[in-house]
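One-letter residues, chain by chain:
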2 protein chains.
Amino acid sequence: MSEFKRSSSRPQVNPQPVPKIGKSERTRAAILNAALDFIWSHPFRDMTVHSLMASTGLSRSAFYQYFNDLHDLMETLLETVRVEVLAVTGPWFTGVGDPVVLLNESLDGLVDVCYRQGPILRAIDDAAATDKRIEKAWAQFFGEFNDAASARIEADQGQGLIPDFAARPVAIALNHLDAYTLIEAFGRRPRSKREPVREALARIWISTLYGSEWLGKESSNLVRT
Amino acid sequence: MSEFKRSSSRPQVNPQPVPKIGKSERTRAAILNAALDFIWSHPFRDMTVHSLMASTGLSRSAFYQYFNDLHDLMETLLETVRVEVLAVTGPWFTGVGDPVVLLNESLDGLVDVCYRQGPILRAIDDAAATDKRIEKAWAQFFGEFNDAASARIEADQGQGLIPDFAARPVAIALNHLDAYTLIEAFGRRPRSKREPVREALARIWISTLYGSEWLGKESSNLVRT
DNA sequence: TGATATTCTGACATCATGTCGGAATTTAAA
DNA sequence: TTTAAATTCCGACATGATGTCAGAATATCA
């Protein structure tokens, strides 16, 4: 029924325009795009199968040929974001070189992705509150990052770069810090400015792990200010 | 229909047992207790007016004499928790004396309250995802803490106790850190152990604000280890 | 063109919500 | 104790969202 405006610049689901592609895949992508459009301009709680399909020209029941329910659809979106976030945070998790520089790189990337995907992340988090399966997927998503961050902290502790403390609870806490600070800042419009958020996160991570004397070490400039 | 077990030790809503009290207030308290019982053993998404009232012996429609809807009820619970959390975090926000000691005190208290009220906090957060009004109340709740923390940080910056940086984004981030770390740790059963969580939070707050050399300064013992 | 497979739809059953008129019960006065 | 007023409670209803299914419409391809 109620058409919602298509918002200008948001990521689209690859429509594979040229090559031979089943109608089925095209319709599925259309529904996913409708979902993205919706999420960009409404809270997840207002999303219904009806409201979604209205903007596609198809009937409500057609939805169920492509997804089991709205949460199934949200899991698909989570998977896209998951890949992107994992890729961009790679430097600190697995890179070699000055860890503070790598950490800054990873945080930069993370802030960027979350700025672009904020409403999606927020919608996923909201959806996790209303569905067991998404809740589980969301928890696994966090789990990956908790494992990776714990491992990195322990490795750096082994090198004497980070003081000795129980790595995992700190890793978990810092990941929650990121996730919810970023969702809050960028999950609804108008989104906050990127820079103050980035600075706050970097300050907290670096002070906690490597010591505040390394703050502001953005590039691999080896001179300590 | 389905009875859910009453879990042993959780806060009860004051039933005002002895003095003359309207039947209305007693029933209202009974419903609130039923809600607490429910939340203690089920996720918020499974709570329905039906499931709630079944455990009270009253009809479903009786519920609406006492609350507009489930979210109205959740707002009542939020208010209780809000008061308790504000009280326990008072030391660092408004106290005088060594700020690191005060901060430790506040975090101790906060961890304690959240350990006891974890499932409620989690339910409120879940409810905020599904209702505009709770979302707003929840945001105001955070707002109070963001204001108080920003003010304290700025005050201590004025004293030269905390390095100069934009206080508010850091305050917001640290508050999200607490909220979601604590909800994650204590919001569902089995709850995590308190100590590792407390230590992780204290480490992060203190490293970020006052510098890691003050870690472990729990009492007003003025000797620095 | 016609046969087959795919995609789509309307109608249905289910379930939770919130409202309403009136029934049942409590309260307090006579 | 009786009775009338007020409070508390309940069944029944209308609404709106969900997910399913049989069959209609459409696309695909020989």
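Below is a short write-up of the structure. (Residues numbered from 1 in each chain as written. Chains lettered and ligands numbered in written order. Predicted model: local features only at pLDDT ≥ 70, side-chain atom pairs only at ≥ 80, totals over all residues. Heavy atoms only, no water.)

1. Examining the packing of helix α7 (residues 167–186) of chain A against helix α8 (residues 194–209) of chain B
For any two helices packed against each other, the geometry comes down to the angle between their axes and how far apart the axes lie. Between α7(A) and α8(B), the shortest axis-to-axis distance is 9 Å and the interhelical angle comes to 60°. The pairing of α7(A) with α8(B) is recorded here as oblique in orientation. For the element pair α7(A) and α8(B), the recorded crossing hand is right-handed. Contacts from Pro169(A), Val170(A), Ala173(A) and Leu174(A) of α7(A) reach α8(B) at Pro196(B), Ala200(B), Leu201(B), Arg203(B) and Ile204(B). (Axes fitted to C-alpha atoms, helices over the stretch in contact; angles between N-to-C directions. Helix = DSSP H or I, 4+ residues; strand = E, 2+ residues; numbered from the N terminus. Parallel < 35°, antiparallel > 145°, perpendicular 65-115°, else oblique. Left-handed = near helix turned anticlockwise from the far one by under 90°. Contact = heavy atoms within 4.5 Å.)

2. Let's talk about the packing of aromatic side chains
Each aromatic ring pair is described using two quantities: the centre-to-centre distance and the angle formed by the ring planes. Inspection of every chain in the model, using the stated rule, returns 23 aromatic pairs over all chains. Measuring from ring centre to ring centre gives 5.5 Å for Trp92(B) and Trp205(B), while their planes differ by 80°; the resulting arrangement is edge-to-face. Residue Trp92(B) is located in helix α4 (residues 90–94), and its partner Trp205(B) is located in helix α8; the two are separated by 113 residues in the primary sequence. Taken as a pair, Trp92(B) and Trp205(B) share a single burial class, namely buried. Above the face of the Tyr115(A) ring, Arg191(A) is positioned so that its terminal group lies 4.0 Å from the ring centre. (Phe/Tyr/Trp six-rings, centres within 6.5 Å; stacked < 30°, edge-to-face > 60°. Buried < 20%, exposed > 50% of the residue type's maximum accessible area, 1.4 Å probe, protein only. Lys NZ or Arg CZ within 6 Å of the ring centre and 35° of its normal.)

3. Some points on the packing of helix α5 (residues 99–130) of chain B against α8(B)
Residues and elements named next belong to chain B. Relative orientation of the contacting elements α5 and α8 amounts to 145°, with a least axis distance of 10 Å. Helix-helix and strand crossings are classified by hand; for α5 and α8 the assignment is right-handed. Residues Val100, Leu103, Asn104, Leu107, Asp108, Val111, Asp112 and Tyr115 of α5 lie in contact with α8, whose contacting residues are Arg194, Arg198, Leu201, Ala202, Trp205 and Ile206. Residue composition of the contact of α5 with α8, grouped by class: nine nonpolar, one polar and four charged. (Nonpolar A, V, L, I, M, F, W, Y, C, P; charged D, E, K, R; others polar.)

4. Comments concerning the protein's contact with DNA strand C
The environment of DNA strand C is formed by 17 residues, the closest being Ser24(A), Ser59(A), Ser61(A), Tyr66(A) and Arg60(B). Considering DNA strand C, the proportion of its atoms within 4 Å of the protein that are sugar or phosphate atoms stands at 50%. Taking Ser61(A), its side chain carries an N or O atom lying 2.9 Å from a base oxygen of DNA strand C. At 3.3 Å, a backbone N or O of Val49(B) approaches a phosphate oxygen of DNA strand C. (Near = heavy atom within 4 Å. Polar contact = N/O pair within 3.5 Å; in protein donor to acceptor, adjacent residues only side chain to side chain.)

5. A word on the nonpolar core
Core analysis: the largest hydrophobic core is formed by 141 residues, its most contacted members being Leu73(A), Met74(A), Leu73(B) and Met74(B). Apart from residues lying up to four places away in sequence, Met74(B) is in contact with Ile39(B), Phe44(B), Met47(B), Ala123(B), Ile124(B), Ala127(B) and Ile134(B). (Core = buried A, V, L, I, M, F, W, Y, C linked by side-chain atoms within 4.5 Å.)

6. What about the relation of the copies chain B and chain A?
Between the two copies, chain B and chain A, the superposition gives an RMSD of 0.0 Å; the rotation angle is 180° and the shift along the axis is 0.0 Å. Both chain copies can therefore be described as sitting about a two-fold axis. By C-alpha distance to the rotation axis, the residue of chain B lying nearest is Leu177(B), at 2.2 Å. Same-surface contact between copies: 100% of interface residues of chain B are shared with the interface of chain A. (Least-squares fit on C-alpha atoms with pLDDT ≥ 70 in both.)

7. So, the pattern of salt bridges
According to the stated counting rule, one finds 30 salt bridges over all chains in the structure shown. A salt bridge links Arg194(A) to Asp112(A), with the shortest nitrogen-to-oxygen separation between them at 3.4 Å. Note that Arg194(A) is positioned in helix α8 (residues 194–209) and Asp112(A) in helix α5 (residues 99–130), a separation of 82 residues in sequence. Its relative accessible area of 36% is what places Arg194(A) among the partly exposed residues. A relative accessible area of 34% means that Asp112(A) is categorised as partly exposed. For Glu135(A), the salt bridge goes to Arg122(B), with nearest N and O atoms at 2.9 Å. (Salt bridge = Lys/Arg side-chain N within 4 Å of Asp/Glu carboxyl O.)

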